[in-house]
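# Working through the structure, step by step
For reference, the chains in residue letters:
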Amino acid sequence: EDQVTQSPEALRLQEGESSSLNCSYTVSGLRGLFWYRQDPGKGPEFLFTLYSAGEEKEKERLKATLTKKESFLHITAPKPEDSATYLCAPRGGGSNYKLTFGKGTLLTVNP
Amino acid sequence: EAGVTQSPTHLIKTRGQQATLRCSPISGHTSVYWYQQALGLGLQFLLWYDEGEERNRGNFPPRFSGRQFPNYSSELNVNALELEDSALYLCASSLGTGRVGYTFGSGTRLTVV
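Given the structure is predicted, the values throughout are model-derived calculations rather than measurements.

Moving on, we come to the pattern of salt bridges. Residue and element names in this part refer to chain B. A full pass over the atoms with the stated rule returns 8 salt bridges over all chains. Put simply, glutamate 75 and arginine 67 hold a salt bridge, and the shortest N to O gap is 3.0 Å. Take arginine 67: its relative accessible area is 45%, and that puts it in the partly exposed class. One network of salt bridges, with partners in common, ties together Arg63, Glu82 and Asp85.

Turning to the interface of chain B and chain A, a few remarks are in order. Contacts between the two partners involve 20 residues from chain B, matched on the other side by 20 residues from chain A. Overall, the association of chain B and chain A removes approximately 1,600 Å² of surface from exposure, summing both partners, and the carbon and sulfur fraction of that is 56%. Counting every contact that joins chain B to chain A gives 0 salt bridges. Counting residues per element, the ones that place at least two in the side of chain B that touches chain A are strand S4 (31–37), strand S5 (43–50) and strand S9 (87–94) of chain B. Residue classes in the side of chain B that touches chain A are distributed as 10 nonpolar, 9 polar and 1 charged.

The next subject is the state of the cysteines. Residue and element names in this part refer to chain B. Tallied over the entire structure, the rule returns 2 disulfides over all chains. Between the sulfur of cysteine 23 and that of cysteine 91 lies a disulfide, 1.8 Å long from S to S. Taking the sign of the S-S torsion, about -60° here, the bridge from cysteine 23 to cysteine 91 comes out left-handed. With cysteine 23 in strand S3 (residues 19–24) and cysteine 91 in strand S9, this pair connects stretches of sequence that are 68 residues apart. On the accessibility criterion, cysteine 23 (2% relative accessible area) is buried.

Residues and elements named next belong to chain B. Position of asparagine 71 among the secondary structure elements: in the loop between strand S7 (64–68) and strand S8 (74–78). Residue classification places asparagine 71 among the exposed positions, given a relative accessible area of 55%. Sequence separation between asparagine 71 and alanine 92 is 21 residues, and the spatial gap between their C-alpha atoms is 15 Å. One polar contact links asparagine 71 to serine 73, side chain to side chain, over a distance of 2.7 Å.

Enumeration over the complete set of coordinates arrives at 12 aromatic pairs over all chains. Ring plane angle 85° and centroid distance 5.4 Å describe the contact between Phe101(A) and Tyr35(B), whose orientation is recorded as edge-to-face. One end of the pair, Phe101(A), is in the loop between strand S9 (84–90) and strand S10 (105–110); the other, Tyr35(B), is in strand S4, on a second chain. A relative accessible area of 8% means that Phe101(A) is categorised as buried. Each ring, one from Tyr35(B) and one from Phe104(B), has its centre 5.9 Å from the other, and the planes form 55°; the classification is tilted.

This part covers the side chain of Ser93(B). Residue and element names in this part refer to chain B. Examined against the element boundaries, serine 93 turns out to sit in strand S9. Exposure remark for serine 93: the relative accessible area of 0% places this residue in the buried category. Looking at serine 93, its side chain comes within polar contact range of the main-chain nitrogen of isoleucine 26, at 3.3 Å. Setting aside anything within four residues of it in sequence, one finds serine 93 in contact with Val4, Pro25, Ile26, His29, Ser31, Val32, Gly101, Tyr102 and Thr103.

Turning to the sheet that holds strand S4 (residues 33–38) of chain A, a few remarks are in order. Either a parallel or an antiparallel arrangement is found when strands of a sheet pair, and the pairing is made through backbone hydrogen bonds. Residue and element names in this part refer to chain A. An order of S2-S10-S9-S4-S5 is seen for the 5 strands of this open sheet, with the pairing classed as mixed. In this open sheet, the two strands that pair with only one neighbour each are strand S2 (10–14) and strand S5 (45–50). If you compare each strand with its neighbour and ignore which way they point, the axes differ by 20° on average. Here S4 runs beside S5; their pairing, made up of 5 bridges, is antiparallel.

Once that is clear, we can look at unusual backbone geometry. For the bond running from Ser7(A) to Pro8(A), omega is -10°, close enough to zero to count as cis. With respect to the helices, strands and loops of the structure, Pro8(A) is situated in the loop between strand S1 (3–7) and S2. Of the consecutive residues Ser7(B) and Pro8(B), the connecting peptide bond is found in the cis state with omega at -10°. Considering the arrangement of structural elements, one finds Pro8(B) in the loop between strand S1 (5–7) and strand S2 (10–13). Phi at Ala77(A) is positive, roughly 45°, even though this residue is not glycine. Following the sequence through the fold, Ala77(A) ends up in the loop between strand S8 (70–75) and S9. Since its relative accessible area comes to 36%, Ala77(A) is described here as partly exposed.

Rules used in this analysis
- Residues numbered from 1 in each chain as written.
- Chains lettered and ligands numbered in written order.
- Predicted model: local features only at pLDDT ≥ 70, side-chain atom pairs only at ≥ 80, totals over all residues.
- Heavy atoms only, no water.
- Salt bridge = Lys/Arg side-chain N within 4 Å of Asp/Glu carboxyl O.
- Buried < 20%, exposed > 50% of the residue type's maximum accessible area, 1.4 Å probe, protein only.
- Contact = heavy atoms within 4.5 Å.
- Buried area = accessible area lost by both parts, 1.4 Å probe.
- Helix = DSSP H or I, 4+ residues; strand = E, 2+ residues; numbered from the N terminus.
- Nonpolar A, V, L, I, M, F, W, Y, C, P; charged D, E, K, R; others polar.
- Disulfide = S-S within 2.5 Å.
- Polar contact = N/O pair within 3.5 Å; in protein donor to acceptor, adjacent residues only side chain to side chain.
- Phe/Tyr/Trp six-rings, centres within 6.5 Å; stacked < 30°, edge-to-face > 60°.
- Pairing = 2+ DSSP bridges.
- Axes fitted to C-alpha atoms, helices over the stretch in contact; angles between N-to-C directions.

Listed below in structure tokens is the structure:
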């Protein structure tokens, strides 16, 4: 069964203090690793999809990287508006297109 | 382009009743996924519909069911509601291949009292 572990569960940063979030996964035949941002009471907002080890994608202050067993979301010089829960979700192989979500990392950026 | 639309936004039901939640996918998307997000838990996969057929379901009892209509909209039915069914129910849609990102709606907050 596909498994996903995100760490840390919660992270508090000062504005401008860079850090990384971790997503460890066990899936057979990875067919994409998805990162989402979720604000309280709202649906997840799509950020990135990574497909193969070594791939990197960037969006503003966020950069996602992928290895065979982990993905990292690097946050450079965060701002208070980056505060949210960040979710990762790998999709396994075969014709099963469902995403398996981790519990997320709650990021708080203080001004 | 309209996003994924879910209704109602909030729903309050009494234990033992039935709840019906609705989802309209992005135009052109044929797959609809339902997830449950209970307080303190991650998103748990419920159901996947594609082209009107149920393709996969998660580890939930049979009282969680649904369907997809010819226009690809979907509804989720929860029978014999229990207190622990209280959660945010999220719907997502994608193109059939699933290779691109899945777009989520804002969810329906179901409260069982």
